[in-house]
Amino acid sequence: MRRKVSIVWLPLSVMTAMALTAGACALWLPDRAPALLDSAKEITSVPVNTQQYSGQQQVTVVPTMSASYGLIGNASGTVTANWSGAGLNSGAAAYKVNDRVIIALNTASPLYRDLTVGDQGDDVRALNDELGRLGYASASGTDLYDWRTRAGWQQLMSDSGNTSDGSLHLSDVLWIPQSSVRTESWSAGVGVVVNASDIVGEVPGGITSLTIKNGQALDRSRVLTVFDQTTVLPAGETTVSDAAFCQQVALTEGFRTMTADMLSAGFDATLAFEEPVTVLRVPAGAVYGITGSTGCVVADGEETPVLIVGAELGVSLVRPSDDTDTSAISEVALGSRLSQLTCG
């Protein structure tokens, strides 16, 4: 049985267009995979830049506190005025007993006896030094109660509203452990009868040191700022125990408002280098053999030990720990070039 064959006539123009289309397809078909699909080449080095780095960071400091201190009065009688509520300052009135002003006084050696011209001792030296600090006449630096000590003490008594012949009577003095203290549990309120040797109030424990919580010691000194008070944290240290600085912090309004729980948790502070340092900005993966804050990079083909001084979003801030000139480094190695290396 014969099959019928249908012949479809197409115009010449259509046949020509089909031929051209086929030719175009053949022309544009690639004869191999495009380079875009090749495996990406590994980046084994990158250029680096330098920057000035201050090392400023927010930290938490935890205070170590001394025990509270009982203030022992030396006067007997009825309290007729009281100025302890705002704290006590050396050389200023604390309270009145039988209408005589009791002066708060901070001396290096506590006063324990009446004093007059001719007396000598460590307590006299301490009195002379404090009178001098307060701006009164004194024989500063000596342990002799002489005419200058008498003149200074007489003037202090007069400024406070007391009469005096220049001799120091222990009953006129309330010894305090720092030049300025805040009081708590004050019992010598107006109208209260007090006796010599009574504890009239307590001074909260003072700050003996401030420690950076989870702090890391560095090889350079840094500036520590706490409640707007600043001091230098020495190289290699994470604790400040400078008595004057600790007292400054303790006297700030921010510290005064803190509860015991808040103190045990610590409070905010900032650390920054005394002088900014020049550092390299390198990819974090360029630093290998990291131990603590040290490691190595391959800088311009040479292994270079570095100190890691900071980090910013995948970038390590480092500086050579040897004599290598930071600003002279142009590139660091990455990837497989580091895979077999150990630092040091």
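Our subject is the structure listed above.
This section reports on the structure supplied with the text. (Residues numbered from 1 in each chain as written. Predicted model: local features only at pLDDT ≥ 70, side-chain atom pairs only at ≥ 80, totals over all residues. Heavy atoms only, no water.)

## Thoughts on helix 3 (residues 147-160)
Here is step 1: With 14 residues, helix 3 should reach 20 Å at 1.5 Å per residue; the first-to-last C-alpha distance of 20 Å fits that figure.
Here is step 2: Turning to helix 3, its buried residues are T149, G152, W153, L156, M157 and S160. End-on view of helix 3: buried residues confined to an arc of 135 degrees, all on one side of the axis.
Here is step 3: If you follow the buried residues of helix 3, they end up packed against strand 8 (100-105), helix 2 (122-133) and strand 9 (173-175).
Here is step 4: Backbone geometry just after helix 3 places G161 at a positive phi near 100 degrees. (Helix = DSSP H or I, 4+ residues; strand = E, 2+ residues; numbered from the N terminus. Expected span 1.5 Å × (residues − 1). Buried < 20%, exposed > 50% of the residue type's maximum accessible area, 1.4 Å probe, protein only. Arc of directions from axis to C-beta. Contact = heavy atoms within 4.5 Å.)

## Section: the state of the cysteines
Here is step 1: All chains considered together, the criterion is met by one disulfide.
Here is step 2: Between the sulfur of C296 and that of C343 lies a disulfide, 1.9 Å long from S to S. Every disulfide takes its handedness from the sign of the S-S torsion; for C296 and C343 that torsion is 60 degrees, giving right-handed. Note that C296 is positioned in strand 20 (residues 294-299) and C343 in the segment after strand 23 (331-333), a separation of 47 residues in sequence.
Here is step 3: On the basis of relative accessible area, C343 is assigned to the partly exposed category, the value being 30%. (Disulfide = S-S within 2.5 Å.)

## Let's talk about the sheet that holds strand 5 (residues 77-82)
Here is step 1: Within the open sheet, the five strands sit side by side as 9-8-7-5-11. Their pairing is mixed. The strands lining the two open edges of the sheet, one partner per strand, are strand 9 and strand 11 (193-194).
Here is step 2: As paired elements, strand 5 and strand 11 share two bridges and run antiparallel to each other. Bridge assignment links T78 to a residue of strand 11, and that residue is V193.
Here is step 3: Those strands touched by helix 3 are strand 8 and strand 9, and its axis lies near 120 degrees from that of strand 8. (Pairing = 2+ DSSP bridges. Axes fitted to C-alpha atoms, helices over the stretch in contact; angles between N-to-C directions.)

## Considering the nonpolar core
Here is step 1: Core analysis: the biggest nonpolar cluster contains 19 residues, and L224, V226 and F267 have the highest contact counts within it.
Here is step 2: Those elements that provide at least two residues to this core are strand 3 (57-65), strand 13 (207-212), strand 14 (222-226), helix 4 (243-250) and strand 17 (267-273).
Here is step 3: Among the elements that line this core, the one with the most residues is helix 4, at four residues.
Here is step 4: Those residues in contact with F267 that sit more than four places away from it in its chain are V59, T60, V61, P63, L210, V226, F227, F255 and M258.
Here is step 5: Y95, A104, W186 and V200 belong to the second largest nonpolar core, which has 17 residues in total. (Core = buried A, V, L, I, M, F, W, Y, C linked by side-chain atoms within 4.5 Å.)

## Observations concerning the packing of aromatic side chains
The geometry of two aromatic rings is summed up by the distance between their centres and the angle between their planes.
Here is step 1: By the definition in use, this model includes five aromatic pairs.
Here is step 2: Ring centres of Y53 and F273 lie 5.9 Å apart, and the angle between their planes is 80 degrees; on these two criteria the pair is classed as edge-to-face. In this pair, Y53 sits in strand 2 (residues 49-53) while F273 sits in strand 17, placing the two residues 220 residues apart along the sequence.
Here is step 3: Residue classification places F273 among the buried positions, given a relative accessible area of 7%.
Here is step 4: Pairing F227 with F267 gives two aromatic rings, centres 5.1 Å apart and planes at 25 degrees, and the pair type is stacked. Residue F227 is located in the loop between strand 14 and strand 15 (229-233), and its partner F267 is located in strand 17; the two are separated by 40 residues in the primary sequence.
Here is step 5: Exposure remark for F267: the relative accessible area of 5% places this residue in the buried category.
Here is step 6: By way of ring pairs, the aromatic residues F227, F255 and F267 are connected into one cluster.
Here is step 7: Looking at R220, its charged tip hangs above the ring of F273, at a distance of 5.5 Å from the centre. (Phe/Tyr/Trp six-rings, centres within 6.5 Å; stacked < 30°, edge-to-face > 60°. Lys NZ or Arg CZ within 6 Å of the ring centre and 35° of its normal.)

## As for the environment of D198
Here is step 1: Relative to the helices and strands, D198 is located in the loop between strand 11 and strand 12 (199-203).
Here is step 2: Spatially, the C-alpha atom of D198 lies 9.4 Å from that of G70, the residues being 128 residues apart in sequence.
Here is step 3: When neighbours within four sequence positions are excluded, D198 is seen to be in contact with L71, I72 and G73.
Here is step 4: At 2.8 Å, the side chain of D198 forms a polar contact with the backbone nitrogen of N195. (Polar contact = N/O pair within 3.5 Å; in protein donor to acceptor, adjacent residues only side chain to side chain.)

## Notes on helix 2
Here is step 1: Across its 12 residues, helix 2 extends 17 Å between first and last C-alpha, which sits within 8% of the 16 Å expected from 1.5 Å per residue.
Here is step 2: Tucked inside the fold, the buried residues of helix 2 contact strand 8 and helix 3.

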